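Here's the letter readout for the chains.
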Amino acid sequence: MIKNLIDSLKNNSNGFSGRKLSALVGVLTGVYLTIFKIPLEHQLDALMVWLAFSLLCLGIVTVQNVIEFKNGKTT
């Protein structure tokens, strides 16, 4: 696993995916900041923002999907 993590930093096809690593860092940072740095009444909103960031990094959703969801469009 450590070898794959180091290989991810190189410019070749070995190692983990950059998108997955970005999403992982985004989620871990979001969890830490949400739990320890953000007041309780804003924690749910902050956690949703971090999870949306990770979904964007993975390519599961697009910015247009996030805007439509924010505006209440369901389909």
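Residues numbered from 1 in each chain as written. Predicted model: local features only at pLDDT ≥ 70, side-chain atom pairs only at ≥ 80, totals over all residues. Heavy atoms only, no water.

Caption draft 1: Geometry of the side chain of Gln43. Mapping Gln43 onto the fold places it in helix H3 (residues 43–58). Among the polar contacts made by the side chain of Gln43, one reaches the main-chain carbonyl oxygen of Ile38 at a distance of 3.2 Å. Apart from residues lying up to four places away in sequence, Gln43 is in contact with Thr34, Ile35 and Ile38. (Helix = DSSP H or I, 4+ residues; strand = E, 2+ residues; numbered from the N terminus. Polar contact = N/O pair within 3.5 Å; in protein donor to acceptor, adjacent residues only side chain to side chain. Contact = heavy atoms within 4.5 Å.)

Caption draft 2: Structural context of H3. Spanning 16 residues, H3 covers 23 Å between terminal C-alpha atoms, matching the ideal 22 Å at 1.5 Å per step. All buried positions along H3 are accounted for by Gln43, Ala46, Ser54 and Cys57. Taken end-on, H3 shows its buried residues confined to a sector of 80°, consistent with a single buried face. Facing away from the buried surface of H3 by more than 90 degrees, the exposed residues are Leu44 and Val49. On its buried side, H3 packs onto helix H2 (18–36). (Expected span 1.5 Å × (residues − 1). Buried < 20%, exposed > 50% of the residue type's maximum accessible area, 1.4 Å probe, protein only. Arc of directions from axis to C-beta.)

Caption draft 3: Region of the structure containing a nonpolar patch on the surface. A surface patch of nonpolar side chains, about 410 Å² in accessible area, is lined by Val31, Tyr32, Ile35 and Phe36. Mapped onto the secondary structure, Tyr32 falls in helix H2. Residue classification places Tyr32 among the partly exposed positions, given a relative accessible area of 42%. (Patch = residues over 30% accessible without salt bridge, like charges linked within 9 Å, V, L, I, M, F, W, Y side chains within 5 Å. Areas by Shrake-Rupley, 256 points an atom, 1.4 Å probe, with all protein chains shown as cover. Salt bridge = Lys/Arg side-chain N within 4 Å of Asp/Glu carboxyl O.)

Caption draft 4: Structural context of the layout of surface pockets. Counted as a void, the largest pocket has a volume near 230 Å³. Lining of the largest pocket is provided by Met48, Leu51, Ala52, Leu55, Val61, Asn65, Val66, Phe69 and Lys70. If you list the elements that add at least two residues to the lining of the largest pocket, you get H3 and helix H4 (63–70). Tallied by class, the residues present in the lining of the largest pocket amount to seven nonpolar, one polar and one charged. (1 Å grid on protein atoms, 1.4 Å probe; cavity = no way out; pocket = protein on both sides within 12 Å on 5 of 7 lines; lining within 4 Å. Points joined across faces, edges and corners; volume = space filled by probe spheres on them. Nonpolar A, V, L, I, M, F, W, Y, C, P; charged D, E, K, R; others polar.)

Caption draft 5: Spatial organisation of the environment of Ser22. Within the secondary structure, Ser22 is located in helix H2. Overall, the relative accessible area of 34% leaves Ser22 in the partly exposed class. Between the C-alpha atoms of Ser22 and Cys57, which are 35 residues apart in sequence, the distance is 6.3 Å. Each residue touching Ser22, except ones within four places of it in the same chain, is listed here: Phe53 and Cys57.

Caption draft 6: Layout of H2. Its 19 residues place the ends of H2 27 Å apart at the C-alpha level, agreeing with the 27 Å of an ideal helix rising 1.5 Å per residue. Buried residues of H2: Ala23, Gly26, Gly30 and Thr34, and no others. End-on view of H2: buried residues confined to an arc of 60°, all on one side of the axis. Of the residues in H2, the exposed ones pointing more than 90 degrees away from the buried face are Val25, Leu28 and Phe36. The inward-facing, buried residues of H2 contact H3.

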